[in-house]
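# Structural overview
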Amino acid sequence: MRHILSVLVENEPGVLSRVSGLFSGRGFNIETLNVAPTLEDGVSIMTITTIGDEQIIEQIIKQLRKLVTVIKVVDLTEVKNVEREMMLLKVAAEEGKRAEILRIVDVFRCKVVDVGFDELTIEVTGTQDKLTALINLMQRFGIKETARTGAVAMRRSMQ
Amino acid sequence: MELTGAQILLESLGREGVDVIFGFPGGAVIDIYHQIPNYPNLKHVLVRHEQGAIHMADGYARATGKVGVCLVTSGPGATNTVTGIATAYMDSIPVVIITGQVPTPLIGNDAFQEVDIVGITRPCTKHNYLVKDITKLAKTIKEAFFLAQSGRPGPVLVDLPKDVQQQRCVFNYPKKVALRGYNPHYDPNVKQVRKVAELLCKAKHPVIYAGGGVISSSASKDLTKLAQTYNIPVTATLMGLGCFPGDDPLWLGMLGMHGTFAANHSISNADLILAVGARFDDRVTGKLSEFASKATMVHIDIDPTSIQKNVRVDVPIVADCRLFMEALNREMADVAQQKDACVPKDKWLAQITEWKTKHPLKYKPAAKGGPIKPQSVVEAIYKITKGDCIISTEVGQNQMWAAQFFNYKKPRTLLTSGGLGTMGFGFPAAIGAQAAFPEKLVIDVAGDGSIQMCIQELATAVCYNLPVKIVILNNGYLGMVRQWQELFYDKNYCSTCLDVAPDFVKLAEAYGAAGFRVTEAKDLDATLKKAFATPKACIVEVVVDPEENVYPMVPAGKSITEMILV
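Below: a short report on this structure. Keep in mind the model is a prediction, meaning the values are calculated, not measured.

Before going further, it helps to examine the overall build of chain B. Per the secondary structure count, chain B includes 22 helices and 20 strands. Since a compact globule built from 566 residues should have a radius of gyration of about 24 Å, the 24 Å found for chain B is in line with a globular shape. Per-residue burial for chain B yields a buried fraction of 60% across its 566 residues. In chain B, of all internal contacts separated by at least 6 residues, the share reaching a separation of at least 24 is 75%.

Quick look at the structure:
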């Protein structure tokens, strides 16, 4: 099963390598990984999505907690959560097809952030499903490039 | 008053009560070495190879329970310690490794003798540091020692650039350590302890399965008390040997691949296993699905990652083994009283006695005039010393015989590389232990293969008058691999025959140590006695039966009751 782990870490050199090394060294797999500073000085948050059975996820969480530079690990899959991912998608957009692409952009409530002669760059935010749906729809126009952040997630306020 | 980084390091070591460091100098630590003569309370042992230094620090730590310290230069000096760091990591041994690093402006430039040792050792240290700011040095050393010995102990490396050693700042050694992400859990859950006491009382066929955690947490007194009061048989892993008296009737012997018949069958027939400070290593469990399949599993470990890693656990307890054992003894007294005493264990013990009598550890005695049996050498060492010594081992057949045919009665009397199985460990580890206890008899049980991996440390032993005794069971083979080739690889003895070996007697003498050779059984006892009485380091080379195997043996992947017996 896919799990979303929220990992609070000390923001110091090598911390990412400690976390990623733990995964690779023990044969666990990282699906997505996102890191950025929090409001607190010297503390960053990582959102890691990974796939494994219960026993593997339990090991991953315990092993993460064992790292000295890891402050807190929460398995967001166990609680109600909000999950989002941001993607930039560059799609081929010749004259005759541009209107249709823009319609889809509208329906998906995403934004065009860059326009070229025959391509558009779209910014889309949402769940993995939404991103996949958009990719599927855009594929027939020709996707030239994508860049994705990987999931970020948070526990919902009203549980 | 301002001190240099080198002085701050040495002052800090003093605050941590370090009395000896094992090291090897080099350009990147020369500033530290420059200061060492100013710290007369700190003894420095100059080794001949950095692998020796780390194993010595490790052996010192295993024998004393204190933190072992080693000091090496950058680059090759640092990488030479990696095997030893991994060894200490696998066996949870507290060591602090100080490595020199190129000056900070050169880091990342492929400078002379530069290596990313923090990166290299990340997977085999409990934690590691690169100190780039002199004002953080004292705090880092404090943290390193705290981390090394608290929770599940382990090696911690501090990488110290040359310019930081030379910079100056006010020395202020912190009193406390505050690490947000590190809070080992020591106290056992009271309800869980009660539950264990009740299970233990009810159990008809309980077994205690003790590991190295019992020794590192000093839980053996309480464990022995529990076992003896309630008649619970005890088996231990290689790392746990010595945590329970090896001459007690409740002692089952070691379990696992080369464990005793009684231990392996007790585990397989147990209805309750109390696993204390052990981690269900594959050398112990054999085929996992058949390991203790009839038992309710109670597992106590300070490290939560050890629990549920390999086997299903019915009662998991994250705690310090000693605190758990103390609590369990209290609860047991209460439960046993309330529930009108425990289920008597007589029948179970009778069954165990039968197993022990029917299938004791044994070997075919030497034929008349035939070669000496290696097992008999270990037995002779036991008989002569009465078990009152520290044994270290190399790795392989010698290690298993030393584990099987010697009754360890006290913790910290067997120093052996359990998890990593590091050949070359035993001799330097013995030197480390001897440095801690100059008056004790320290014996390295070695094979002719392993001993050659760190043999150069003979110079260290001789130089510092550390009278370590090396008993080489010389069978002319890399014996354990040869045994596997014999049993599972059609006797294809590829690269396991050591045709060319040094003359160990001459080798010892060349280093200024004493050398003895035994080729006939009748000379064994006398020579060992003579060697043990020699006040300097010595090698006793015993020429043993080259084709002797370690039995019992459980083939890899088989259930632990599927044993090949003698």
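Before going further, it helps to examine the packing of helix H12 (residues 261-269) of chain B against helix H15 (residues 346-358) of chain B. Residues and elements named next belong to chain B. At their nearest, the axes of H12 and H15 sit 8 Å apart, and the two run at 145° to each other. Once H12 is placed against H15, the crossing between them reads as right-handed. In this structure, H12 contributes Phe261, Ala262, His265, Ser266 and Asn269 to the contact, and H15 contributes Trp348, Ile352, Trp355 and Lys356. Of the residues contributing to the contact of H12 with H15, the split by class is 5 nonpolar, 3 polar and 1 charged.

Moving on: the nonpolar core. Residue and element names in this part refer to chain B. By size, the foremost hydrophobic cluster in this structure holds 105 residues, and its most contacted members are Leu274 and Phe291. At 8 residues, the largest contribution of residues to this core is made by helix H14 (residues 321-338). Excluding its chain neighbours within four sequence positions, the residues that come into contact with Phe291 are Tyr209, Leu255, Ile267, Phe280, Val284, Thr285, Met297, Val311 and Ile560. Formed by 47 residues, the second largest nonpolar core is a distinct cluster that contains Ala57, Tyr60, Ile117 and Ile470.

All names here are of chain B. Within the structure shown, the criterion is met by 14 aromatic pairs over all chains. With 6.0 Å between their ring centres and 90° between their planes, Phe280 and Phe291 make a pair best called edge-to-face. Here Phe280 is found in the loop between strand E12 (272-276) and helix H13 (282-285), whereas its partner Phe291 is found in the loop between H13 and strand E13 (296-301), with 11 residues between them in sequence. The pair formed by Phe280 and Phe291 is uniform in burial state, with each residue classed as buried. Judged by centre distance (5.7 Å) and plane angle (75°), the rings of Trp484 and Phe488 are edge-to-face. With Trp484 and Phe488 both in helix H20 (residues 479-488) and 4 residues apart, the pair spans about one turn of that helix. Among the residues examined, Trp484 registers a relative accessible area of 21% and is labelled partly exposed.

Let us look at the pairing of strand E5 (residues 95-101) of chain B. Residues and elements named next belong to chain B. The buried fraction of E5 is high, at 7 of 7 residues. Neither face of E5 is left uncovered, since the one carrying Val95, Ile97, Thr99 and Gln101 and the one carrying Val96, Ile98 and Gly100 both have all their residues buried. The pairing of strand E4 (residues 68-72) with E5 spans 5 bridges and is classified as parallel. Bridge assignment links Val69 to a residue of E5, and that residue is Val96. Pairing of E5 with strand E7 (residues 155-161), which is carried by 7 bridges, proceeds in the parallel orientation. The partner of Val95 across the bridge, within E7, is Pro155.

Okay, the interface of chain A and chain B next. Taken residue by residue, the interface counts 19 residues in chain A and 17 residues in chain B. Buried area between chain A and chain B, summed over both chains or domains, comes out near 1,500 Å², and the portion from carbon and sulfur atoms is 45%. Per-residue buried area on chain A facing chain B is highest for Arg18(A), Lys66(A) and Val68(A); these three make up 42% of the total on that side. Arg180(B) is the partner of Glu40(A) in a salt bridge, and the nearest nitrogen-oxygen pair spans 2.9 Å. If you look at where chain A meets chain B, you find 10 residue pairs in polar contact (both at pLDDT 80 or more). Of all the secondary structure elements, the ones that give two or more residues to the side of chain A that touches chain B are helix H1 (15-25), helix H2 (54-66) and strand E4 (70-75) of chain A. Residue contributions to the side of chain A that touches chain B peak at 7 residues, all from H2(A). Taken together, the residues of the side of chain A that touches chain B sort by class into 5 nonpolar, 6 polar and 8 charged.

In this section: the sheet that holds E12(B). Remark on secondary structure: sheet strands pair via backbone hydrogen bonds, oriented parallel or antiparallel. All names here are of chain B. Here we have 6 strands laid out as an open sheet, ordered E11-E10-E9-E12-E13-E14, and parallel in their pairing. A single partner strand is all that each edge strand has here, and the edge strands are strand E11 (251-254) and strand E14 (315-318). Strand after strand, the sheet turns through a mean of 15° between neighbouring axes, direction not considered. Strands strand E9 (206-210), E12, E13 and E14 of the sheet are contacted by helix H9 (residues 190-202), whose axis makes an angle of about 135° with E14. Lying over the sheet, H14 contacts E12, E13 and E14, oriented at roughly 140° with respect to E12.

Criteria and cut-off values
- Residues numbered from 1 in each chain as written.
- Chains lettered and ligands numbered in written order.
- Predicted model: local features only at pLDDT ≥ 70, side-chain atom pairs only at ≥ 80, totals over all residues.
- Heavy atoms only, no water.
- Helix = DSSP H or I, 4+ residues; strand = E, 2+ residues; numbered from the N terminus.
- Rg over C-alpha atoms; globule rule 2.2 N^0.38 Å.
- Buried < 20%, exposed > 50% of the residue type's maximum accessible area, 1.4 Å probe, protein only.
- Contact = heavy atoms within 4.5 Å.
- Axes fitted to C-alpha atoms, helices over the stretch in contact; angles between N-to-C directions.
- Left-handed = near helix turned anticlockwise from the far one by under 90°.
- Nonpolar A, V, L, I, M, F, W, Y, C, P; charged D, E, K, R; others polar.
- Core = buried A, V, L, I, M, F, W, Y, C linked by side-chain atoms within 4.5 Å.
- Phe/Tyr/Trp six-rings, centres within 6.5 Å; stacked < 30°, edge-to-face > 60°.
- Pairing = 2+ DSSP bridges.
- Buried area = accessible area lost by both parts, 1.4 Å probe.
- Salt bridge = Lys/Arg side-chain N within 4 Å of Asp/Glu carboxyl O.
- Polar contact = N/O pair within 3.5 Å; in protein donor to acceptor, adjacent residues only side chain to side chain.

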